[in-house]
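Geometric and topological summary
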Amino acid sequence: MASAPSTIVFIATLIVLTTSISSMEYIVGDEGGWNLKVNYTTWAKDKVFFVGDTLVFNYAPGTHNVMKVNGTGFQQCIVTSSNGTLTSGRDVISLQTPGRKWYICGVLKHCELGNMKLVITVLPQTMAPAPSSQDTSASTKIAVPTIYGFVIALFGSILLLVV
Ligand SMILES: [Cu+2]
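Thresholds applied
Residues numbered from 1 in each chain as written. Predicted model: local features only at pLDDT ≥ 70, side-chain atom pairs only at ≥ 80, totals over all residues. Pairing = 2+ DSSP bridges. Helix = DSSP H or I, 4+ residues; strand = E, 2+ residues; numbered from the N terminus. Axes fitted to C-alpha atoms, helices over the stretch in contact; angles between N-to-C directions. Buried ≥ 20, exposed ≤ 12 C-beta atoms within 10 Å, placed from the backbone. pLDDT = per-residue confidence, 0-100. Contact = placed C-beta atoms within 7 Å. Core = buried A, V, L, I, M, F, W, Y, C linked by C-beta atoms within 7 Å.

**Structural notes on the sheet that holds strand β6 (residues 90–94)**
With mixed pairing, three strands are arranged side by side in an open sheet as β1-β3-β6. Of all strands in the sheet, those bounded by a partner on one side alone are β1 (25–27) and β6. The sheet shows a mean angle of 20 degrees between the axes of neighbouring strands, taken without regard to direction. Both strand β3 (residues 54–58) and β6 contribute to a ladder of five bridges, which runs antiparallel. Bridge pairing in β6 places N58 opposite R90.

**Topic: the sheet that holds strand β2 (residues 49–50)**
Read from one edge of the open sheet, five strands run β2-β8-β7-β4-β5, paired in mixed fashion. Here the strands that pair on one side only, and so sit at the sheet edges, are β2 and β5 (85–86). The pairing of β2 with strand β8 (residues 117–123) spans two bridges and is parallel. Looking across to β8, one finds that F49 is bridged to V122.

**Section: the pairing of β8**
Across six bridges, the pairing between strand β7 (residues 99–104) and β8 is antiparallel. In the sheet register, G99 faces β8, and the bridge partner there is V122.

**Some thoughts on the environment of G114**
Examined against the element boundaries, G114 turns out to sit in the loop between β7 and β8. A count of 17 C-beta atoms within 10 Å places G114 in the partly exposed class. Between the C-alpha atoms of G114 and N39, which are 75 residues apart in sequence, the distance is 9.3 Å.

**A few points about the confidence of the model for the protein**
Detailed reading of the predicted model is not advised wherever pLDDT is low. Averaged over every residue, the pLDDT of the protein is 80; the share at 70 or more is 64%. In the model, residues 132–145 has pLDDT below 50 throughout and makes four contacts with residues more than four positions away in sequence or in other chains.

**Some points on the nonpolar core**
Ranked by size, the top nonpolar core spans 18 residues in total, and within it W34, F57, V66, I104 and C105 carry the most contacts. Elements represented by at least two residues in this core include exactly β3, β4 (66–69), β7 and β8. At three residues, the largest contribution of residues to this core is made by β4.

**Some points on unusual backbone geometry**
Positive phi is not limited to glycine here, since D30 has a value of about 50 degrees. Position of D30 relative to the elements: it lies in the loop between β1 and α2 (40–45). Residue L108 is not a glycine yet carries a positive backbone phi of 45 degrees. Its place among the elements puts L108 in the loop between β7 and β8.

**With respect to the environment of K101**
Inspection of the secondary structure assignment puts K101 in strand β7. Look at K101 and you get partly exposed, because 19 C-beta atoms sit within 10 Å. The spatial distance from the C-alpha of K101 to the C-alpha of L118 is 8.2 Å, given a sequence separation of 17 residues. For K101, the contacting residues outside a window of four places in its chain are L95, I120 and V122.

**Quick word on the environment of V56**
The topology assignment puts V56 in strand β3. Beyond its immediate stretch of four places on either side in the chain, V56 contacts E25, Y26, I27, V28, R90 and V92.

Pasting the structure below:
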């Protein structure tokens, strides 16, 4: 590996680009999909969600659905039709605002008994460039920590690859 440092830098750059700059698409439950007998607490535990990421709920249409609920609805598995139920079997949810998000399956007692409930916390998109501003000095100030963060992330990735 040491004989090809440029390859390492290239791979590390790709990792940084895909993880911190472009948005991520998360398949809820991974290969298990949105189904009974998948632990979504475990699935979400080691993931960090940012504004701009998307969630994909995969399931056989008709067997499950996806409802966005509030914290109470999540805890008590309250099925409400007012929030709009997703039923396509490949439901894509774009995470547009930061904060806590709750999703449950509204079919039968899948939420209560099958644990078909997912709670995540969406973080603001800190690496994103600021909206266009007339104040040019402000954008210069933002550019420095962004590049600095990029360099740190790059070296972190190299370290991970070498170790
Ligand atoms: Cu279900």
